[in-house]
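Report on the structure
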Amino acid sequence: MDLVQVEIESGGYSQKDQILKDISFTVKAGELVGLIGPNGAGKSTILKAIMGQLPFLKGNIQFQSQDTHYAYIPEQPVLYDNLTLWELLEFAAAVGKINPGVFGPRALELLELFRLDKEKHKLPVTFSKGMQQKVMLILGFLLRPSLYIVDEPFLGLDPHGVRDFLQLINEGRKDGAGILMTTHSLDTAEKICTSFILINEGRIISQGNLEEIRKTSQLPDGSLFDCFIKLVEMQR
Amino acid sequence: MKNIHLLFWQRLRSNWKFQYSVINMVIDWVVALYIVIPGLALFLHTYRGWWLEPPSLFYFLPLESFWLILVFYCWSGILRVYVEEGDQLFLYQYTSWHRGLVIYSIIYNILSNLILTVILAFLAAPFLLGFHGTSISAFQWLFLIVFLVRVIASLIRQCLHHRFEGWRYILAQIPFLAVFTRILVLALDLLYNPEPYILLTIVLGAVLIFLIFYRTTLKRTLLKDIYLAQTDKMKFANVLLMYSGNYAKKPIRLRKRPWLFGKSGKIFKTRTPEKILTEMGLKAFLRHRSNLFLYFQAISIYGLFLSVIPARWQWILWVVSIFFLSSLVKLYWLDWIKSPFVSLFNIDKDNKAKAGGQFIFYLITPGIIILGLVALLFSQQWFLGFLIPVGVYIGKGTAKKMAI
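Residues numbered from 1 in each chain as written. Chains lettered and ligands numbered in written order. Predicted model: local features only at pLDDT ≥ 70, side-chain atom pairs only at ≥ 80, totals over all residues. Heavy atoms only, no water.

Some remarks on the overall build of chain B
The cut-off we apply is this: Numbering of helices and strands starts at the N terminus; helices are DSSP runs of H or I of at least 4 residues and strands are runs of E of at least 2. Burial classification: accessible surface area is computed with a 1.4 Å probe over protein chains only, and a residue below 20% of its type maximum counts as buried, one above 50% as exposed, and the rest as partly exposed. By the convention used here, residues are in contact when the closest approach between their heavy atoms is within 4.5 Å. Per-residue and other accessible areas follow the Shrake-Rupley method at a 1.4 Å probe size, with only the shown protein chains counted as cover for residues.
Looking only at helices and strands, chain B has 14 helices and zero strands in total. Secondary structure elements of chain B, listed N to C terminal, follow the sequence α-α-α-α-α-α-α-α-α-α-α-α-α-α. Per-residue burial over chain B gives 47% buried out of 404 residues. Pairs at least 24 residues apart make up 79% of the contacts formed inside chain B by residues separated by at least 6 positions. Surface exposure of chain B reaches about 21100 Å², of which carbon and sulfur atoms provide 69%.

Some points on the sheet that holds strand β7 (residues 178-182) of chain A
Residue and element names in this part refer to chain A. Selection rule: Note: two strands are recorded as paired if DSSP finds a minimum of 2 bridges between them. Between the N-to-C directions of two axes lies an angle of 0 to 180 degrees, each axis being a line fitted to C-alpha atoms and, for a helix, fitted only over the stretch in contact.
Spatially, β5-β6-β7-β3-β8-β9 is the arrangement adopted by the six strands of the open sheet, whose pairing is mixed. Looking at the sheet topology across the chains shown, the edges are occupied by β5 (70-73) and β9 (203-208). Each strand of the sheet is rotated relative to its neighbour by a mean of 15°, with strand direction disregarded. In the packing of helix α8 (residues 224-235) onto the sheet, contacts are made with β3 (32-36), β8 (195-200) and β9, and the angle to β8 comes to roughly 35°.

Re the interface of chain B and chain A
What counts, and what does not: What gets called buried area is simply the loss in accessible area from a 1.4 Å probe that two parts show on being joined, summed for both. Here, a salt bridge means any Lys or Arg side-chain nitrogen found within 4 Å of an Asp or Glu carboxyl oxygen. Throughout this description, a polar contact denotes any pair of N or O atoms lying within 3.5 Å of each other; where both atoms belong to protein, one of them has to be capable of donating a hydrogen while the other can accept it, and for residues adjacent in sequence the pair is counted only when both atoms sit in side chains.
Counting residues at the interface gives 32 residues for chain B, matched by 28 residues for chain A. Roughly 2700 Å² is buried in total at the junction of chain B and chain A, and carbon and sulfur atoms are behind 67% of that figure. Our count for the chain B to chain A interface comes out at three salt bridges. When the shortest N-O distance is used, the salt bridge between glutamate 87 of chain A and lysine 283 of chain B registers 2.8 Å. Viewed at the interface, chain A and chain B are joined by nine residue pairs in polar contact (both at pLDDT 80 or more). Secondary structure elements with two or more residues in the side of chain B that touches chain A: α10 (273-286) and α12 (311-337) of chain B.

Topic: helix α6 (residues 136-163) of chain B
The following threshold applies: For a helix, the expected span equals 1.5 Å multiplied by the number of residues minus one.
Taking 1.5 Å of rise per residue, the 28 residues of α6 of chain B would be expected to cover 40 Å, and the 41 Å separating its terminal C-alpha atoms lies within 8% of that figure. Among the 28 residues in α6 of chain B, 21 count as buried, and that is most of the element.

Digging into the pattern of salt bridges
All names here are of chain A. Taken as a whole, this structure holds 15 salt bridges over all chains when the rule is applied. Taking the shortest distance from any N to any O, the salt bridge between lysine 28 and aspartate 2 comes out at 2.9 Å. Taken together, the positions of lysine 28 in strand β2 (residues 18-28) and aspartate 2 in strand β1 (residues 2-12) put the pair 26 residues apart, joining distant regions of the chain. Using a relative accessible area of 34% as the deciding quantity, one classes lysine 28 as partly exposed.

Comments concerning the confidence of the model for chain B
In regions of low pLDDT, the predicted coordinates are not meant to be interpreted in detail. Using the following cut-off: Confidence scores per residue from the predictor, reported as pLDDT, run from 0 to 100.
Residue-level pLDDT values for chain B average 84, and 92% of them are 70 or greater. The ipTM for the predicted assembly is 0.77, set against a pTM of 0.66.

A word on the nonpolar core
Counted only if it meets this: Side-chain atoms within 4.5 Å are what join buried Ala, Val, Leu, Ile, Met, Phe, Trp, Tyr and Cys residues into a set we call a nonpolar core. Start and end positions for the domains come from either an automated domain assignment or a database one.
By size, the foremost hydrophobic cluster in this structure holds 169 residues, and its most contacted members are Phe91 and Phe165 of chain A together with Leu128, Leu142, Phe143 and Trp336 of chain B. Counting the residues that make up this core, at least three belong to each of domain 1 (4-233) and domain 2 (253-403) of chain B. Within the second largest apolar cluster, 22 residues are counted, among which are Val4, Val33, Met51 and Ile61 of chain A.

Here we look at the sheet that holds β2 of chain A
Residue and element names in this part refer to chain A. Here we have three strands laid out as an open sheet, ordered β2-β1-β4, and antiparallel in their pairing. Each having just a single partner strand, β2 and β4 (56-63) make up the two edges of the open sheet. Strand-to-strand, the axes of this sheet are offset by a mean angle of 5°, without reference to chain direction. Two elements, β1 and β2, share nine bridges in a ladder whose sense is antiparallel. Note that in β2 the partner of valine 4 across the bridge is valine 27. The strands that helix α1 (residues 43-50) touches are β1, β2 and β4; relative to β2, the one it contacts most, it runs at about 65°.

Regarding α1 of chain A
All names here are of chain A. In terms of burial, α1 is largely enclosed, as six of its eight residues are buried. Of the residues making up α1, those classed as buried are Lys43, Thr45, Ile46, Leu47, Ala49 and Ile50. Positive phi appears at glycine 52, one or two residues downstream of α1, with a value of about 75°.

A short note on the environment of glutamine 314 of chain B
Residue and element names in this part refer to chain B. Within the secondary structure, glutamine 314 is located in helix α12. Residue classification places glutamine 314 among the buried residues on the basis of a relative accessible area of 1%. Discounting chain neighbours no more than four positions away, the residues touching glutamine 314 are Leu306, Ser307, Ile309, Ala375, Phe378 and Ser379.

Some remarks on unusual backbone geometry
Phi at glutamate 152 of chain A is positive, roughly 50°, even though this residue is not glycine. Mapped onto the elements of the fold, glutamate 152 of chain A is located in the loop between β6 (147-151) and α5 (159-174). With a relative accessible area of 6%, glutamate 152 of chain A lands in the buried category. Of note, glutamine 380 of chain B is a non-glycine position whose phi angle comes to about 60°, a positive value. Mapped onto the fold, glutamine 380 of chain B is located in the loop between α13 (349-379) and α14 (387-403).

A short note on the packing of aromatic side chains
Any two aromatic rings considered together are summarised by their centre-to-centre distance and by the angle between their planes. Residue and element names in this part refer to chain B. Short version of the rule: Aromatic rings from Phe, Tyr and Trp, with only the six-membered ring used for Trp, were paired whenever their centres fell within 6.5 Å, and each pair was classed as stacked if the ring planes differed by under 30 degrees, edge-to-face if by over 60, and tilted otherwise. Either the NZ atom of lysine or the CZ atom of arginine qualifies as a charge over a ring when it sits within 6 Å of the ring centre and within 35 degrees of the ring normal.
A full pass over the atoms with the stated rule returns 37 aromatic pairs over all chains. Consider the rings of phenylalanine 361 and tyrosine 362, whose centres lie 5.9 Å apart with planes at 50°: the pair is tilted. Note on tyrosine 362: relative accessible area 34%, which makes it partly exposed. Ring pairs connect the aromatic residues Phe43, Tyr47, Trp50, Phe58, Phe66, Phe122, Phe127 and Phe131, which therefore count as one cluster. Here arginine 150 stacks its cationic end above the ring of tyrosine 73, 4.5 Å away from the centre of that ring. For the cation-ring pair, lysine 396 lies above phenylalanine 361, with the distance from its terminal atom to the ring centre recorded as 5.7 Å.

Observations concerning the pairing of β3 of chain A
On a regular strand, each side chain points to the face opposite its neighbour's, so the side chains alternate between the two faces of the sheet. Across the five residues that make up β3 of chain A, a large majority, five, are buried. A two-sided burial pattern is seen for β3 of chain A, the buried positions comprising Leu32, Gly34 and Ile36 of chain A on one face and Val33 and Leu35 of chain A on the other.

Quick notes on the environment of leucine 160 of chain B
Checked against the element boundaries, leucine 160 of chain B lands in helix α6. Exposure remark for leucine 160 of chain B: the relative accessible area of 8% places this residue in the buried category.

The following block contains the structure:
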């Protein structure tokens, strides 16, 4: 079951400067899709296009249904400076129409998992970057949507945080959620993703599972890292 | 940047440009032509009238209570050091440059407070010189004292900020506020017996010199100076920037818990989406002390304005204040609802509109009541007291319309 179908003929931040070209992929229920590319390749731009935030887009983004909800976990933590952690969660739950009786236990469970339960009445803007990143993850997982759009989740996370994030991702997948994730951490992506979309200079250079990527890059035993480097060089 | 003089001058010019651009965004030629210029003309005409025929406020306000205005004026300023967030990269190592910026900021603070005090003296002249017949030399000495107290207070508040946080900072100000209040009351008492002014001026001058020396030798103040500079810079601009749909970066924060609702306490018992949206908006507003200050400052100025205009205009302009307050509070609502965090979420339009209406209504109601009481007190048309709840009802409707 396709949670989202992405068909982008071209797209960018200005009419003249079209960053994306001929992007086409889907995210299915239960999939963890790794969107991989060098700095400036257009990964975040693709995510913005999916969320309807890209000013210029020629193409179509089709969700499974009108009621498909997604959670966006940005690369840089975005917080409101005058609200406590608990209040941010309560706000997200209210907007996501989570029953107040369900919200409390779920929020506490996530806070304990990420070891932020003692910080719940503090202002997240005073947290370290890693802790703020955890807050963004908690906000995303609180809503339990059918689609997760995650931008560089591993940046700033400690090893426990990475483990907890992966645990939640797997639980989400078991519940039928799909995850689209951008990352530079190719070793981790190779271990956890079910399929990959490799992009460079706004175009897809290869997509599919690891076997298909290896076939395209002509490296039968290559790691994702080696395949990616080879494909970028081939494109040049 | 070759030297500290050029750096400070560049910072100052950049700040003037920024404040001017913010005002420029809001006061376009339409606002200038239809509101600002006629408002200025009306003010000058009213000011001239104060000299010829004192308004009712002058009879109502005894000279001895003028100290309230002086205390409010003196305690409303704070020294701003012209540092920026990027200075963290360099000024930690080059402390002499930081010290130079502090010294120049103090000099600028003194000069700008001198200009502000002259403006206050200009406004107070009809009351003191015209109505109460004080001598010009006593008048000049009084405002010299006021100028010195204001500069000293701004330095003291800055120094206290470096020692204390939150409620401790508020408590620490009380003894100084009490002392300055006593000084200003004494200064008013001396209007008809001005000889001791010279001694008072010398003492205050010595205190000022000591404080300047103390402040310029304080160490490890860069981070706090940056926080205070950002807060001061955005105090007025933040609200006006929202009007033009731009989001202004918030200053870096040092306090871990909010000073209000410290344990995420609830305002509303009912936990519907629009109630929670309203609650978070209210908390975001109330926890920002500069928001509260600006709000009450707007009410105070409007109240003062109501108190000096003829009685026949007071109730009419009180009704106008409902729309003025709604427009002002709407800016705070936009600040909240358009913030990058809230923009991450897809909020139901109906809930957003309901929450906006409630937010605006809850915040304008105290202002409507306060200004209504001012109009009642100064017009002395007690039978019109029933208009206050009517005004609150009008405020509710206005808030709903503004939120759409």
